[in-house]
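Residue-level structure breakdown
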Amino acid sequence: MDLFSRSWTALRTAVAETPDEDFDRPSGCTGWLVRDLVCHLVIGAQDVLITLVTPAESEPTVDAVTYWDLVEPPTGEDPLDALIPRLAAAYGEPRWLKFHFDDVGSAAGRAAGLADPAARVSTRDEVLTVGDFLSAYVLEWTLHHLDLIAHLPSAAGPPAESLAAARALLEKIAGTPFPASFSDEDALLIGTGRRTPTDAEGAALGAFAAGLPLSVG
């Protein structure tokens, strides 16, 4: 719960501090500008709110690790992926997108803080505890924080504890640890295909490299 709050607060702060002119810069998500990524985050915040008010009585079917599926890397051709840039453009000025994200994002943060970690909720036709759901989203927020600042070198990155938790979760999804020589950020970027490994990094990965990237959805 605490890690969710830290990662989400850091991401919301980074968006709020992003200058308007940087909303037209590329993000770390293929084919998306910063404004498109922030629009996607609005939808993510809505998903958190919806899930937290969708109680379930049955036994959990997934946890923080198995919540995520390994999917094909995004190409921008998925209908929802293609819709995001149109929705983002409809806001016009970045300040309106920032305002909506702050409004919905603040509500999602409050709802998460008030939720019972042991309670069960339903989403994507699965059941899991609130604690596992919010833990799963630490990976989502941390990766998208890295996407946000991919071409904004002066922007603040995710908290160290969020990076470490996201790496640990990605390693559990992969079933294999990344080389100890990799920083948490590099493990996340290389592991999810956001950065190509150097020759030395590829050698350190060994056979693990054949299973990359790990695109989660």
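To start, this report covers the structure provided alongside it. (Residues numbered from 1 in each chain as written. Predicted model: local features only at pLDDT ≥ 70, side-chain atom pairs only at ≥ 80, totals over all residues. Heavy atoms only, no water.)

On to the packing of aromatic side chains, then. Applying the stated criterion across every chain yields a total of 10 aromatic pairs. Ring geometry for Trp8 against Trp141: centres 4.0 Å apart, planes inclined by 25 degrees, an arrangement best described as stacked. Here Trp141 lies in helix α5 (residues 130-148) and Trp8 lies in helix α1 (residues 2-16), a separation of 133 residues in the sequence. Of the residues examined, Trp8 reaches a relative accessible area of 1% and is grouped as buried. Every member of this aromatic cluster is reached through a ring pair, and the members are Phe4, Trp8, Tyr67, Trp68, Phe101, Phe133, Tyr137 and Trp141. Against the face of Tyr67 rests Arg124, its NZ or CZ located 4.0 Å from the ring centre. (Phe/Tyr/Trp six-rings, centres within 6.5 Å; stacked < 30°, edge-to-face > 60°. Helix = DSSP H or I, 4+ residues; strand = E, 2+ residues; numbered from the N terminus. Buried < 20%, exposed > 50% of the residue type's maximum accessible area, 1.4 Å probe, protein only. Lys NZ or Arg CZ within 6 Å of the ring centre and 35° of its normal.)

Looking now at α5. Here α5 is 19 residues long and its end C-alpha atoms lie 26 Å apart, about the 27 Å a rise of 1.5 Å per residue gives. Judged by how many residues are buried, α5 sits mostly within the fold: 17 of 19 residues are covered. (Expected span 1.5 Å × (residues − 1).)

What follows concerns the side chain of Glu140. Assignment of secondary structure puts Glu140 in helix α5. Setting aside residues up to four positions removed in sequence, Glu140 forms contacts with His40 and Trp68. (Contact = heavy atoms within 4.5 Å.)

Turning to the pattern of salt bridges, a few remarks are in order. Tallied over the full model, the rule gives 14 salt bridges. Arg25 is the partner of Asp22 in a salt bridge, and the nearest nitrogen-oxygen pair spans 2.6 Å. Among the salt bridges present, the one from Arg35 reaches Asp36, with a minimum N-O distance of 4.0 Å. A relative accessible area of 3% means that Asp36 is categorised as buried. (Salt bridge = Lys/Arg side-chain N within 4 Å of Asp/Glu carboxyl O.)

Taking 1.5 Å of rise per residue, the 21 residues of helix α4 (residues 94-114) would be expected to cover 30 Å, and the 30 Å separating its terminal C-alpha atoms lies within 8% of that figure. Three or more residues of α4 are buried, namely Pro94, Leu97, Lys98, Phe101, Val104, Gly105, Ser106, Ala108 and Ala112. Of the surrounding elements, those touching the buried residues of α4 are α1, α2 (34-52) and α5.

Only one face of strand β1 (residues 120-123) is buried: it carries Val121 and Thr123, and the other face, with Arg120 and Ser122, is open. Where β1 and strand β2 (residues 126-129) come together, four bridges link them in antiparallel fashion. Each residue of the ladder has a partner; that of Ser122, found in β2, is Val127. Linking two consecutive strands that pair antiparallel, namely β1 and β2, is a turn of two residues; a positive phi of about 55 degrees is found at Arg124 within it. (Pairing = 2+ DSSP bridges.)

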